[in-house]
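Close look at the chain arrangement
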Amino acid sequence: MPEKKPPNFLQALGREPLPAEITVGEESFSLLKVFKHDFFAVTAVYAGQNQKAILKIGRKASLFGLPLGWIGRLHAWHESSMYQALADVQAVPQFMGRFGKHGFIHEYIEGHELHKGEQVADDFFKTLYAAIEIIHQRKMAYVDLEKCENVLVGDDGKPYLIDFQIAYHLPRKYGGELWPMRWLRRRLQQSDLYHLRKLQRRTRPDQLSEQELRESYRKPVHVRAHAFITRPFTLLRRRILNRLDPRRKSGERGRIHQDPPRAV
C-alpha cells in the first residue's frame, strides 16, 4: 500500500512536482527516487547514462500566503558554498552545480547510511576524523553528526559526509572573527568531536581506549544546555506534526519509503 501524502504546506515544493529530468553539463539525468521531502527541502536521486546525481531543492512554497522562498534560496546558497569550499576533501561528495535559485546538485555516493553496531573498516574513523579536522581548520563546523544517517558508508568502505544544511560557516567579512562568533564556532566544533566519538563508540568501540570510552559518555555542558532549552520545543513540534502528517513511521520525518521506479 502506498504511503499517504502529507499536507502540501508541510512539503518544501508544496504542490509543485520535481522535474522528471535535469541536465548537468551535456548529460541528462532522469528522476529515479525521492529520498526525503520535508518542510525545508526535497532530496532526490537522478540517473544519467554514466553516473547518478543528487538534486536538493530548498523551500519554495509559501505557507498560508506567507512567502518562504527566501529560506530555500538561503539554504541552497549556504550548502552550495560548503560543498565548494570542501571540494578537495575526499569524504565530501563533489559539487556539480546550482539548480535555479533554490537548488543544487552533487555527486551521488553508492553506499548506505551508517547504523549503530555496524562493523566499519579499521580506517573508517581515521578518515572521518581527518575530514572533520579539515572542516574545523577552515573555520567551519559540521554540526549535524548526531544523526548517523548523515554519515554514509560508501561501497568502497570509506566514510562520506552529506547534508550541510545546518553546518556553520560565517566568513570574516560577515563578522565571523568577532569574539562571540569565534566562541560559538569553538563550541560547535567541540560538539562535532563529541558526536563523532559517540558514533565511534556505537560502531567500533574496540578502537577506543578506556579513557576515550569514558569520555564518549561525558556530554559537554553546552550540549546538555542546548538539549535542555530545545527539548520542550522539539516535543511540541513533534506532537503538532504527528497530528498534521498522516504518516506514522520510525526514523526521520519526511523520509520517503518507497522502491525506486523500474528502468524502462
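All of these numbers come straight from a predicted model, not from anything done at the bench. (Residues numbered from 1 in each chain as written. Predicted model: local features only at pLDDT ≥ 70, side-chain atom pairs only at ≥ 80, totals over all residues. Heavy atoms only, no water.)

**Quick notes on the confidence of the model for the chain**
Basically, it comes down to this: Scored from 0 to 100, pLDDT reflects the predictor's confidence in each residue. The way it works is that DSSP assigns letters per residue, a run of H or I at least four long becomes a helix, a run of E at least two long becomes a strand, and they are numbered from the N terminus. Residue contacts follow a heavy-atom distance rule, with two residues in contact if any of their heavy atoms lie within 4.5 Å.
The pLDDT averaged across the chain works out to 87; a share of 83% of its residues lies at or above 70. No element of the chain has a lower mean pLDDT than helix α5 (residues 221-244), which averages 62, and none a higher one than strand β4 (residues 52-58), which averages 98. For the stretch residues 257-264, pLDDT sits under 50, and the model shows nine contacts to residues farther than four places along the chain or on other chains.

**Digging into unusual backbone geometry**
The cut-off we apply is this: Residue exposure (1.4 Å probe, protein chains only): buried if accessible area is under 20% of the type maximum, exposed if over 50%, otherwise partly exposed.
The phi dihedral of K139 falls on the positive side, at around 60°, and the residue is not glycine. Residue class for K139 comes out partly exposed when judged on its relative accessible area of 36%. Phi is positive for V143, close to 80°, though the residue is something other than glycine. Within the secondary structure layout, V143 lies in the loop between α2 (124-137) and β8 (151-154). Overall, the relative accessible area of 23% leaves V143 in the partly exposed class.

**What to know about the sheet that holds strand β6 (residues 103-107)**
For clarity, the cut-off: Strand pairing requires that DSSP identify at least two bridges connecting the strands. To obtain an axis, a line is fitted to C-alpha atoms, over the contacting stretch when the element is a helix, and the angle between two such axes runs from 0 to 180 degrees between their N-to-C directions.
Strands sit in the order β1-β2-β3-β4-β6-β5 across an open sheet of six strands; the sheet is antiparallel. Edge positions in the open sheet fall to β1 (21-24) and β5 (95-99), since each of these has one partner strand only. The average undirected angle you get between the axes of adjacent strands in this sheet is 30°. When β4 meets β6, the two strands line up antiparallel, connected through five bridges. Pairing of I57 across the sheet is with G103, part of β6.

**Describing the packing of α2 against helix α3 (residues 179-203)**
As a reminder, the rule being used: When an angle is under 35 degrees it counts as roughly parallel; over 145 it counts as roughly antiparallel; between 65 and 115 it counts as roughly perpendicular; any other value is oblique. Classification used: nonpolar for Ala, Val, Leu, Ile, Met, Phe, Trp, Tyr, Cys and Pro, charged for Asp, Glu, Lys and Arg, polar for all others including Gly.
For the pair α2 and α3, the least separation of the axes is 11 Å and the interaxial angle reads 175°. As the angle between them shows, α2 and α3 are arranged roughly antiparallel. Note on element contacts: α3 touches α2 through Q189, D192, L193, L196, R197, L199, Q200 and T203, opposite F125, L128, Y129, I132 and H136. Residue composition of the contact of α2 with α3, grouped by class: seven nonpolar, four polar and two charged.

**Topic: the sheet that holds β8**
Strand order in the open sheet formed by three strands is β7-β8-β9, and the pairing between neighbours is antiparallel. Each end of this open sheet is capped by a strand with a single partner; those strands are β7 (111-113) and β9 (159-161). Geometrically, the sheet is characterised by an average inter-axis angle of 35° between neighbouring strands, direction not taken into account. Strand direction decides the pairing type here: β7 and β8, joined by three bridges, are antiparallel.

**Observations concerning the side chain of R185**
On the secondary structure map, R185 appears in helix α3. If we skip the residues at most four places from it in the chain, R185 touches K139, M140, Y168, G176 and E177.

**A word on the pattern of salt bridges**
Under the convention used in this document: When a carboxyl oxygen of Asp or Glu is within 4 Å of a side-chain nitrogen of Lys or Arg, the pair counts as a salt bridge.
One pass over the full model with this rule turns up 11 salt bridges. Through salt bridges that share partners, K56, E79 and D163 make up one connected network.

**Here's the deal with the pairing of β6**
In terms of burial, β6 is a largely internal element, four of the five residues being buried. Of the pairings in the sheet, the one linking β5 to β6 comprises four bridges and is antiparallel in character. Paired with F95 across the two strands is H106, which belongs to β6.

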